[in-house]
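Remarks on the overall topology
Now for the letters of each chain:
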Amino acid sequence: MSDILIVTFEAGGNVPPALGIGRELHHRGHRVRVLGHAMQQSQIESAGLEFRAYRNSPPWRPHDQLSTWTVLTMGITMVTEPGVGQDLRDEVRADPADLVVVDCMLFNALDAAAREGLRHVALFHTFYAMFYGSFRRGPFGIVARTKGLGPRRVWHNSDLELVCSDPEFDPAARDGAGRTNGHVVWTGAVHDVLEAAVGRTPPRVLASLSTAGFAGQRRTLQNILDAVEGTDVELVVTTGPSVDPAGFRVPANATVHRYVPHNELMPECSAVIGHGGHATTFRALAHGLPMLIMPMSPLTDQPGVGKAVAAAGAGKVLRRTASPGKIRDAIDELVHSERYRTAAAALGTRIRATDGAAAAADRLLALDDSP
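Worth saying up front: this structure is predicted, and the values here are computed from it rather than measured.

Some points on the overall build of the chain
- Secondary structure assignment for the chain yields 16 helices and 13 strands.
- Scaling as 2.2 N^0.38, a compact globule of 371 residues should have a C-alpha radius of gyration of about 21 Å, and the chain matches this with 20 Å.
- In terms of overall dimensions, the chain has a C-alpha envelope of 60 × 40 × 40 Å along the principal axes.
- Among the 371 residues that make up the chain, the fraction classed as buried is 57%.
- When contacts within the chain are restricted to residue pairs at least 6 apart in sequence, long-range pairs at least 24 apart make up 67% of them.
- Put simply, the chain shows about 15000 Å² of open surface, and 52% of that area lies on carbon and sulfur atoms.
- If you average the places of the 37 positive and of the 39 negative side-chain charges in the chain, the two averages end up 7 Å apart.

Now the structure itself:
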């Protein structure tokens, strides 16, 4: 039995792949601990995993409605200040681990793992091309380098860079960016979808944007609600923790909820409206559902994911400020056009054929068994 420590933080779509892999390892009989924020305890323990809380993390309020500058500075502090790295060192000194799996954005924890001489893996939850490109070259990477935590260095100093995404979608898997002698490995998306969605009549559409407090989400959700008024679509909106579901103007053919498990809704959907987050997008595609993607932030993977989905013919992309009329036209096309449904169905079949969590677990255990 291996003893595995996963180090993560609450940033929305980065968490499901880590927990999916953790569950797979736990089901195989291995001990799995997760070091994260106190707000994550219930989610982690409900996955059957042991939870350890940060004691030295900087302040972290991912679900608050904050300015872009505040979100940016808070995020940079979170991944570069030494507190998280110290918590990792304290945890493994008190309770040693055979292998440590660290969220790739936690430069501080990756550096601490290397300095501690731990066998460790950098876990990428979305396209490697985004991390190796705009993320590494943007504000996060620039500040990290000034603190001696250059992203390329801390990633390459890990024993493996594990990318939980589909290599046929990720530009980096096609052009070889950042790969060094098999050090970067793609496992496929981590999901739990077994069958394609069957849809229903009238057509149901799910709208779900980011769990993070990006500015403008409430206005975008209201425009989506306004777009379906008077149409034959049944719209289900889930707002997540960052947006209060009260106070929307809700047409008769729509409902608004704080939270409903997407796996309960997607099997009967005909399309999904999302923000381009990797986890929600690949869950929808695994169900074979065409998507309307409205990125909430240019600083994230969202625009790149939306571009990839549109290029594959499985969806459309609109600005987050798109009018209800434009949103209505896009929904109508996705729901009633055979070409979008066909492309999404083909992608769903391919994505479901790969168990990303199992592939990731295989790679981690092979690494733990190696000399």
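Quick word on the sheet that holds strand β1 (residues 3-7)
- With parallel pairing, the 7 strands of this open sheet are ordered in space as β3-β2-β1-β4-β5-β6-β7. Both edges of this open sheet fall to β3 (50-53) and β7 (184-186), since each of them pairs with a single strand only. Put simply, the sheet's adjacent strands are angled 25 degrees from each other on average, direction ignored.
- By the bridge criterion, 4 bridges tie strand β2 (residues 31-36) to β3 in an arrangement that is parallel. Bridged to G36 within β3 is A53.
- Along the sheet, helix α4 (residues 83-94) contacts β1, β2, β3 and β4 (99-103); its crossing angle with β1, the most-contacted strand, is approximately 165 degrees.
- Along the sheet face, helix α5 (residues 107-115) touches β1, β4 and β5 (120-124) and points at about 165 degrees away from the line of β5.

Brief notes about the sheet that holds strand β13 (residues 315-317)
- Pairing is parallel in the open sheet, where 6 strands are placed in the order β10-β9-β8-β11-β12-β13. Every other strand in the sheet has two partners, leaving β10 (254-257) and β13 as the edge strands with one partner each. Adjacent strand axes in the sheet meet at a mean angle of 15 degrees, parallel and antiparallel pairs treated alike.

Side note on helix α15 (residues 338-352)
- Helix length check: α15, at 15 residues, gives a terminal C-alpha distance of 21 Å against a target of 21 Å (1.5 Å per residue), a fit within 8%.
- The complete set of buried residues in α15 reads Y340, A343, A344, L347, G348 and I351. For α15, the angular spread of the buried residues around the axis is 140 degrees, confining them to a single face.
- Summarising the contacts, the buried residues of α15 are in contact with α12 (278-286), β13 and α14 (324-336).

Focus: the packing of aromatic side chains
- For the coordinates displayed, the defined rule picks out 14 aromatic pairs.
- Judged by centre distance (5.5 Å) and plane angle (55 degrees), the rings of F9 and W60 are tilted. With F9 in the loop between β1 and α1 (15-27) and W60 in the loop between β3 and α3 (68-80), this residue pair connects regions lying 51 residues apart in the sequence.
- The exposure class assigned to F9 is buried, which follows from its relative accessible area of 3%.
- Under the relative-accessibility criterion, W60 is labelled buried at 14%.
- Among the aromatic residues, those joined into a cluster by ring pairs are F107, F124, Y128, F131, Y132, F135, F140, W155 and W186.
- The side chain of R136 reaches across the aromatic face of Y132, ending 4.3 Å from its centre.

Quick notes on the packing of helix α6 (residues 128-137) against helix α7 (residues 139-146)
- As a packed pair, α6 and α7 sit with axes 4 Å apart at the nearest point and diverge in direction by 70 degrees. The orientation of α6 with respect to α7, classified from their angle, is roughly perpendicular. Contacts between α6 and α7 involve F135, R136 and R137 from the former and F140, G141, I142 and R145 from the latter.
- The residue makeup of the contact of α6 with α7, split by class, is 3 nonpolar, 1 polar and 3 charged.

Observations concerning the pattern of salt bridges
- Evaluated as defined, the whole model comprises 27 salt bridges.
- The closest approach of N and O atoms between D95 and R31, which form a salt bridge, is 2.8 Å. Remark: R31 occurs in strand β2 and D95 occurs in the loop between α4 and β4; sequence separation between them is 64 residues.
- By relative accessible area, which is 21% here, D95 ends up partly exposed.
- Residues R204 and E234 are paired through a salt bridge, measuring 3.5 Å at the closest nitrogen-oxygen approach. Within this pair, whereas R204 is found in strand β8 (residues 204-208), its partner E234 is found in strand β9 (residues 234-238), the two being separated by 30 residues in sequence.

Reading guide: rules and limits
Residues numbered from 1 in each chain as written. Predicted model: local features only at pLDDT ≥ 70, side-chain atom pairs only at ≥ 80, totals over all residues. Heavy atoms only, no water. Helix = DSSP H or I, 4+ residues; strand = E, 2+ residues; numbered from the N terminus. Rg over C-alpha atoms; globule rule 2.2 N^0.38 Å. Buried < 20%, exposed > 50% of the residue type's maximum accessible area, 1.4 Å probe, protein only. Contact = heavy atoms within 4.5 Å. Areas by Shrake-Rupley, 256 points an atom, 1.4 Å probe, with all protein chains shown as cover. Lys, Arg positive; Asp, Glu negative; His and termini not counted. Charge placed at Lys NZ, Arg CZ, Asp CG, Glu CD. Pairing = 2+ DSSP bridges. Axes fitted to C-alpha atoms, helices over the stretch in contact; angles between N-to-C directions. Expected span 1.5 Å × (residues − 1). Arc of directions from axis to C-beta. Phe/Tyr/Trp six-rings, centres within 6.5 Å; stacked < 30°, edge-to-face > 60°. Lys NZ or Arg CZ within 6 Å of the ring centre and 35° of its normal. Parallel < 35°, antiparallel > 145°, perpendicular 65-115°, else oblique. Nonpolar A, V, L, I, M, F, W, Y, C, P; charged D, E, K, R; others polar. Salt bridge = Lys/Arg side-chain N within 4 Å of Asp/Glu carboxyl O.

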